[in-house]
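Structure assessment
What follows is the residue order along each chain.
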Amino acid sequence: MKKYFFLLISLAMATMYANAQSLVDFHLSPDGSFITKEGKNYTVVPFEGKNAHQIFQQLCTNVSKLYKNPSKVMSVVDDVSITIRAYDSRITYIKDLIQTYDIGGYYNITFEIKDGRVKVSSPIIDESMTKTINGGIEKDYSRLIKSWTKDGSFKEKFAKQVGYTESNMNTTINDILGSSKSNNDDNW
């Protein structure tokens, strides 16, 4: 029991440390959606002293650095919004008695831009998911998340998968916003 308690505390501390530099911190809910601590499905990130065009250009640059073919994953309305629809081969994972399987799928994230701020909608993960190792169809996303819950909350044995899924989506969003990387690339 002590070992599990120590592991849970270590995981919580690592998650808090990883999110310390984050602008966005969505949490996975038992229905599979992502929400903020306040229960909202969006968050507003300030960009002090920047107009919509400057913010738009910065986000587009960050998307170009993050994805191999940004034009295929990004839909834009100039200076107004950016929508990302991309595939992640390891959105989450599952474990059985012998092996761990990566589970991949498509996700959508929308960034609405105004002078001095960006509204980030919570990520939406498509229902259809696949095992990365063989491309076989896995449970639907909502059924997978539901299998991790009991009485409306996550089972303790799935804490790592929940934490990984949250961290994965938050890291992607924060990379697009530019918080996880140094923006001082002027010395090239």
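Located above this text is the structure these notes cover.
Values in this document were obtained by computation on a predicted structure and should not be read as measured data.

The rules behind these values
Residues numbered from 1 in each chain as written. Predicted model: local features only at pLDDT ≥ 70, side-chain atom pairs only at ≥ 80, totals over all residues. Heavy atoms only, no water. Helix = DSSP H or I, 4+ residues; strand = E, 2+ residues; numbered from the N terminus. Buried < 20%, exposed > 50% of the residue type's maximum accessible area, 1.4 Å probe, protein only. Contact = heavy atoms within 4.5 Å. Pairing = 2+ DSSP bridges. Expected span 1.5 Å × (residues − 1). Polar contact = N/O pair within 3.5 Å; in protein donor to acceptor, adjacent residues only side chain to side chain.

A separate point is the side chain of Thr43. With respect to the helices, strands and loops of the structure, Thr43 is situated in strand β3 (residues 42-46). Given the relative accessible area of 18%, Thr43 is considered buried. Setting aside residues no more than four positions away along its own chain, Thr43 makes contact with Val24, Phe26, Thr36, Val118, Lys119 and Val120.

What follows is about the pairing of strand β4 (residues 74-77). Strand direction decides the pairing type here: β4 and strand β5 (residues 81-95), joined by 4 bridges, are antiparallel. Bridged to Val76 within β5 is Ile82. The loop that links β4 with its antiparallel partner β5 comprises 3 residues; one of these, Asp79, has a positive phi angle of about 65°.

Counted at 1.5 Å a residue, the expected span for helix α2 (residues 52-66) with its 15 residues is 21 Å, and the 21 Å between its end C-alpha atoms agrees. Of the residues making up α2, those classed as buried are Ala52, Ile55, Phe56, Gln58, Leu59, Cys60, Asn62 and Val63. In this structure, the buried side of α2 is in contact with α3 (70-73), β4, β5, β6 (100-114), β7 (117-121) and α5 (159-177). Its side-chain oxygen 3.1 Å from the backbone nitrogen of His53, Asn51 forms the N-cap of α2.

Okay, the side chain of Asn168 next. Within the fold, Asn168 resides in helix α5. Of the residues examined, Asn168 reaches a relative accessible area of 14% and is grouped as buried. Within the structure, the side chain of Asn168 is placed 2.8 Å from the side chain of Asp88, a separation counted as a polar contact. Polar contacts involving the side chain of Asn168 include one to the main-chain carbonyl oxygen of Arg90, which spans 3.0 Å. Leave out the neighbours within four places in its chain, and Asn168 touches Asp88, Arg90 and Ile91.

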